[in-house]
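# Analysis of the macromolecular model
If you want the building blocks of each chain, they are given just below.
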Amino acid sequence: MGDTRPARSDGAAGSLPATSTELSVLLTAVRRGRVLTVTGRFREPRSLLVRDIARRISSNFCDGAVVVRPCGDGGVRDLVAALGRLPGVPVLPCGAADAASWLAERDLLLVLDDSDRLSPEALAWLRRLLAVAPGLRILAAGRHPLAVGEGRVHRL
């Protein structure tokens, strides 16, 4: 039988909203699937969980894991700009097609914290991105499943 103690993030005062067994299942789901969305009513537990998963699993990807929290109108331009501001990510070209081309060559976990803020245009871009980027995995946190095709959903 699995361990049911809450998994802790490194040094955080509280515990994550998942047991160590659930965390193990989620880590496997990210490794094997293309899209996983953690849903739940409250933003903080979702955010804590996806960020901890990203930290634990980033070494499984040649290009690591990047965490993006959509801002502005949640459009493609804002998403690409947010990616370009991350440490370790080179300044991405302004155009969505250029950014998709760069991402298509990566073995990367893209974590979208608060994915409900993404516009329909950004969701369509992510769908196209998944089609051209075989090494890309998406881990999202939001109230609702990420609408980018088939993916697994974990409800808190």
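Residues numbered from 1 in each chain as written. Predicted model: local features only at pLDDT ≥ 70, side-chain atom pairs only at ≥ 80, totals over all residues. Heavy atoms only, no water.

## Details of the sheet that holds strand 1 (residues 35–39)
- Sheet architecture is open: five strands sit in the order 2-3-4-1-5, paired in parallel fashion. Both outer strands of the open sheet, strand 2 (65–68) and strand 5 (152–155), are each paired with one neighbouring strand and no more. Direction aside, the axes of adjacent strands within the sheet are offset by 15° on average.
- Sitting on the sheet, helix 1 (residues 20–32) touches strand 1, strand 3 (108–113), strand 4 (136–142) and strand 5, and the angle it makes with strand 5 is about 160°.
- Where helix 2 (residues 43–57) meets the sheet, its contacts fall on strand 1, strand 2, strand 3, strand 4 and strand 5, and the angle it forms with strand 3 comes to roughly 170°. (Pairing = 2+ DSSP bridges. Helix = DSSP H or I, 4+ residues; strand = E, 2+ residues; numbered from the N terminus. Axes fitted to C-alpha atoms, helices over the stretch in contact; angles between N-to-C directions. Contact = heavy atoms within 4.5 Å.)

## What to know about the nonpolar core
- One finds Leu110, Leu112, Trp125, Leu126, Ile138 and Leu146 to be the most contacted residues of the largest nonpolar core, which totals 27 residues.
- Contributions of two or more residues to this core are made by strand 2, helix 3 (76–84), helix 4 (96–104), strand 3, helix 5 (120–132) and strand 4.
- Here the element with the most residues in this core is helix 5; it accounts for six residues.
- Excluding anything up to four places from it in sequence, leucine 146 contacts Val35, Thr37, Leu112, Ser115, Leu118, Leu123, Ile138 and Ala140. (Core = buried A, V, L, I, M, F, W, Y, C linked by side-chain atoms within 4.5 Å. Buried < 20%, exposed > 50% of the residue type's maximum accessible area, 1.4 Å probe, protein only.)

## A short note on the packing of helix 3 against helix 5
- Contact geometry for helix 3 and helix 5: axes closest at 8 Å, N-to-C directions at 60°. Taken together, helix 3 and helix 5 sit at an angle that is classed as oblique. For the pair helix 3 and helix 5, contact is made by Val76, Leu79 and Val80 and by Glu121, Ala122, Trp125 and Leu126, respectively.
- Of the residues that constitute the contact of helix 3 with helix 5, the class distribution is six nonpolar, no polar and one charged. (Parallel < 35°, antiparallel > 145°, perpendicular 65-115°, else oblique. Nonpolar A, V, L, I, M, F, W, Y, C, P; charged D, E, K, R; others polar.)

## A short note on the environment of arginine 55
- Take arginine 55: it is sitting in helix 2.
- The exposure class assigned to arginine 55 is partly exposed, which follows from its relative accessible area of 39%.
- Sequence separation of arginine 55 and alanine 65 is 10 residues, and the distance between their C-alpha atoms is 7.6 Å.

## Concerning the environment of tryptophan 125
- Among the structural elements, tryptophan 125 can be located in helix 5.
- Linking tryptophan 125 and valine 148, residues 23 residues apart in sequence, is a C-alpha distance of 9.0 Å.

## Some details on the confidence of the model for the chain
- Considering every residue of the chain, the mean pLDDT works out to 82; 81% of them sit at 70 or more.
- Confidence drops under a pLDDT of 50 for residues 1–13, and excluding neighbours within four residues, the segment shows 29 contacts in the predicted structure. (pLDDT = per-residue confidence, 0-100.)

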